[in-house]
Structure formats: C-alpha cells, structure tokens
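A structural walkthrough
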Amino acid sequence: MEYKDYYKILGVSKNATEKEIKSAFRKLARKYHPDVNPDDPQAEARFKEINEAYEVLGDPEKRAKYDQLGSDWQRWQQSGGHPGDFDWSRWTTGPGGERVYVRYGTPEDLEDLFGDSSPFSDFFTSIFGGLGGGARRTGGFGGFEYQPRPRRGRDLEHEVEISLAEAYHGTTRLLTKDGRRLEVKIPPGAKTGTRVRVRGEGGDGVAGGQAGDLYLKVKVAPDPRFERKGDDLYVTIPVDLYTAVLGGEVRVPTLAGDVKLKIPAGSQNGQIFRLRGKGMPKLRKPTQHGDLYARLNVRLPTKLTPEQRKLFEQLRRLG
C-alpha cells in the first residue's frame, strides 16, 4: 500500500498548528467539494483524499500515531493496529439519502450496504479491514446503526430503429433479458425520440425495493418516398404534361395503400394537393391522422416526333 503524506495533501508543514490544519482543510474542501465540481471525478477523488488527511491530522491522537509510524503507517494498519485505538463514529448519508450513524464497520459490511458507492475512504477500510468484530447492520458496539430504506432500481434505456411503415401501423420488437424473451409493442404514431416503457424490466431494486423500468427509445428511419413533418406526410407525384394541361387522375401512394387524386386542367408544376386524414396516426390517438400533401412534378417530353413538334408549334402560334 502506498504511503500517503497527509501534510502534503493539505499543503501544511509537519509543525502546523491545529488551527492551520483546520484552515487549510476548509479552504481545500470548499475548492474541491463535489457540489462545486459536478461531474468531475478528479475533483471528487481530491475531495476524498483531503477528507482522509484531515480525519487523521485533525485528531491529536491519530496525528501522533501517524507521526510516530511515518512510512510504516500502512503496515501498522494491516498488522498491528486495532479499531479500538480510534474513536471513529459519525453521521453520514446512506444510499437512499437517509441519515446513517456509523461505528466500526468492516469492509464486507460497507460493501454490502453501499456497493461501489461507499462514502468511506480507503484509509478507514484498511484500518478496519480483516480485523473481525461484530459489525452488523443495526445497533450494538462494533457495528453501525442503520435502518436500510428500500430503493427502486435504475431505469434502463435501449434504442431501437423502425421503418416509417412500422411507425404508421405499429410494430413489436423482441428483446432478451436475463435469458427471457420480451415482446415489446411500439404504438402507431411513434416518432424519433418516442420512449416506450416496459414496467419492471430495468435494474433490480435494493433492500426489497421495486425494479426500475426499461425504456425503448425509438428512432424512425428515413423513408425514400415520404417526408414526415409531425403527423403530416409529403410526397412528390410525377405527372405528364398532358394530364397537367388537360386534367385527369393520378395515383398517390399512402402508407395505407394507393388512392386516386383528380388533377384539374391547367395544374402547375410544384402545385400541392392536400389529402385529409392520409398522414400518420397521432400517438396515443390512433384513430386520428395527420394529412398527406402531394406535390406535382410535371414531366416535360424530352423527344418529340415530327408530328408532335408540328402540333406544339401550332399551339405556340395560337397562344
């Protein structure tokens, strides 16, 4: 175990007074406190190290023992130390946010209680580790007074991709969790970003707490025919010149099948026609639909026969 120079950690000399040690600790604690440095693991590690140093140097008896042993401090912890040499007891915060009074916990008990998020430093773990004693979850000397509160398990998220047609009709996805097959229904009208909740299939609860939920985060893949804007769809319809000029009917694709659209004479290129209720179903209201907008793309002939050219020339003279 690597020797830790607690004086260097707090930035004070070995002859520092209690007041100087306390002042240095407060200054560093304010600087590296997790609330001041959210999501900064380096600051959090530094804060724990500062607390660890002050736990020793801020106590005259512990400081004297630390000064006496020097580099043998860690070896003393492992072989010659005894928990009774320290009067270590304090209130702290438990995993559910509750107040916890802790006395002489062993590493096994601390890991069982807090898991990987134990609030206690490696220093105290090494002092009390492997020394036995009657550490237990509630009451009594050598244990910690703690009434665990049930905690809900973590929510989990998994992304799935579906086609626009699947978003229109609704679909299912098969997942495997803990060797079990889960069939999850994705409702009609789902959009990119829609989250589908599967109750109780998230992380396991703690101390009898309920399991978290599993969320499927939906991503709708682009469609080669349709452009989606909310619950409305847009589609481009090719129309020949003669139908655009003289009028007629064209077939318009929808996600529920083709429909006929009447084109009036003299329709222009880029003109848009609205087909009510032919768009996407509304999420959680599948009987209601958005609209479909059909945009005309008038195609001009690229090759003309001599007779066609003659007729177009006559039309130009008449125009």
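In short, a report on the structure. (Residues numbered from 1 in each chain as written. Predicted model: local features only at pLDDT ≥ 70, side-chain atom pairs only at ≥ 80, totals over all residues. Heavy atoms only, no water.)

1. A short note on the pattern of salt bridges
Taken as a whole and judged by the stated rule, the model has 17 salt bridges. Close ionic contact of aspartate 213 with arginine 152 constitutes a salt bridge, the shortest N to O distance being 2.9 Å. With aspartate 213 in the loop between strand S6 (195–198) and strand S7 (214–220) and arginine 152 in the loop between helix H7 (122–128) and strand S3 (156–162), this pair connects stretches of sequence that are 61 residues apart. Between arginine 274 and aspartate 291 there is a salt bridge whose closest N-O contact spans 2.7 Å. In this pair, arginine 274 sits in strand S12 (residues 272–275) while aspartate 291 sits in the loop between strand S14 (285–289) and strand S15 (292–299), placing the two residues 17 residues apart along the sequence. (Salt bridge = Lys/Arg side-chain N within 4 Å of Asp/Glu carboxyl O. Helix = DSSP H or I, 4+ residues; strand = E, 2+ residues; numbered from the N terminus.)

2. Regarding the packing of aromatic side chains
Per the counting criterion, the structure on display carries four aromatic pairs. Their ring planes at 10° and their centres at 4.1 Å tell us that phenylalanine 25 and tyrosine 54 sit as a pair that is stacked. Here phenylalanine 25 is found in helix H2 (residues 18–32), whereas its partner tyrosine 54 is found in helix H3 (residues 41–57), with 29 residues between them in sequence. When its relative accessible area of 21% is taken as the criterion, tyrosine 54 is described as partly exposed. Here the aromatic residues Tyr6, Tyr7 and Tyr66 are joined through ring pairs into a cluster of three or more. Positioned above the aromatic ring of tyrosine 32, the side-chain terminus of arginine 46 is 5.2 Å from the ring centre. Lying over the aromatic face of tyrosine 215, arginine 195 brings its terminal NZ or CZ to 4.1 Å of the ring centre. (Phe/Tyr/Trp six-rings, centres within 6.5 Å; stacked < 30°, edge-to-face > 60°. Buried < 20%, exposed > 50% of the residue type's maximum accessible area, 1.4 Å probe, protein only. Lys NZ or Arg CZ within 6 Å of the ring centre and 35° of its normal.)

3. Structural notes on unusual backbone geometry
For aspartate 178, which is not a glycine, the phi torsion comes out positive at approximately 55°. Within the secondary structure, aspartate 178 sits in the loop between strand S4 (171–177) and strand S5 (180–186). The exposed category is assigned to aspartate 178, whose relative accessible area is 65%.

4. Focus on the sheet that holds S7
Read from one edge of the open sheet, three strands run S3-S7-S6, paired in mixed fashion. Lying at the two open borders of the sheet, with one neighbouring strand each, are S3 and S6. Ignoring strand direction, the axes of neighbouring strands in this sheet form an average angle of 25°. Pairing between S6 and S7: four bridges, direction antiparallel. Note that in S7 the partner of valine 198 across the bridge is leucine 214. (Pairing = 2+ DSSP bridges. Axes fitted to C-alpha atoms, helices over the stretch in contact; angles between N-to-C directions.)

5. Topic: the side chain of aspartate 291
Overall, aspartate 291 belongs to the buried group, its relative accessible area being 11%. A polar side-chain atom of aspartate 291 sits 2.9 Å from the main-chain amide nitrogen of glycine 277. (Polar contact = N/O pair within 3.5 Å; in protein donor to acceptor, adjacent residues only side chain to side chain.)

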